[in-house]
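Secondary and tertiary structure notes
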Amino acid sequence: TLSSSSAASDVYKRQNCNKINSKLELICSIKESLNFPQHCGNNWNAIEDFIYDVILPKKIILHNWSNIKDKLPQDTIILKGILDKINPRYCAVLYN
């Protein structure tokens, strides 16, 4: 479930990780919420490549992060590694 703070979706994206149960669901959720192009692959290398090519919101909130960490420990480590490379002056990433 994704919600935005404005119609333009520029201010923040809130991603509820509670209903994500697989690597593919996690990747597709990130791609959809951050408006990645259709041709972005369903793998972590593609996510990392495209993260610098899209206009990111000011804040990304990953709600229920601990829930998904328990379900997909390796994938959440990879995703966090990608997201932690984003300059927080431009886009803050919150894990709650």
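Here, every reference points to the structure presented above.
Described below are features of the structure shown in this document. (Residues numbered from 1 in each chain as written. Predicted model: local features only at pLDDT ≥ 70, side-chain atom pairs only at ≥ 80, totals over all residues. Heavy atoms only, no water.)

Some points on the overall build of the chain
- Within the chain one finds 4 helices and 4 strands.
- When the elements of the chain are put in sequence order from the N terminus, they spell out β-β-α-α-β-α-α-β.
- Looking at the chain residue by residue over its 96 residues, the buried ones come to 36%.
- In the chain, the proportion of contacts linking residues at least 24 apart, taken out of those at least 6 apart, comes to 57%.
- Of the roughly 5700 Å² that the chain leaves accessible, carbon and sulfur atoms contribute 51%. (Helix = DSSP H or I, 4+ residues; strand = E, 2+ residues; numbered from the N terminus. Buried < 20%, exposed > 50% of the residue type's maximum accessible area, 1.4 Å probe, protein only. Contact = heavy atoms within 4.5 Å. Areas by Shrake-Rupley, 256 points an atom, 1.4 Å probe, with all protein chains shown as cover.)

Comments concerning the nonpolar core
- Counting 25 residues, the largest nonpolar core has Leu26, Phe36, Ile47 and Leu62 as its most contacted members.
- For this core, the elements supplying multiple residues, two or more each, are α1 (23-33), α2 (44-50), β3 (59-63), α3 (65-71) and α4 (73-83).
- Among the elements that make up this core, the one with the highest residue count is α2 (4 residues).
- Those residues in contact with Leu62 that sit more than four places away from it in its chain are Gln15, Cys17, Ile30, Leu83, Val93, Leu94, Tyr95 and Asn96. (Core = buried A, V, L, I, M, F, W, Y, C linked by side-chain atoms within 4.5 Å.)

Topic: the pattern of salt bridges
- In the structure shown here, the tally under the stated rule is 2 salt bridges.
- Glu48 is paired through a salt bridge with Lys85; the nearest N and O atoms lie 2.5 Å apart. Note that Glu48 is positioned in helix α2 and Lys85 in the loop between α4 and β4 (92-95), a separation of 37 residues in sequence.
- One salt bridge connects Asp84 with Lys80, and the closest N-O pair in it is separated by 2.7 Å. (Salt bridge = Lys/Arg side-chain N within 4 Å of Asp/Glu carboxyl O.)

Some remarks on the environment of Lys31
- Mapped onto the secondary structure, Lys31 falls in helix α1.
- Residue Lys31 is classed as buried on the basis of its relative accessible area, which comes to 14%.
- For the pair Lys31 and Ala46, spaced 15 residues apart in the sequence, the C-alpha separation amounts to 9.9 Å.
- Filtering out sequence-adjacent residues up to four positions away, Lys31 remains in contact with Phe36, Cys40, Gly41, Asn42 and Ile47.

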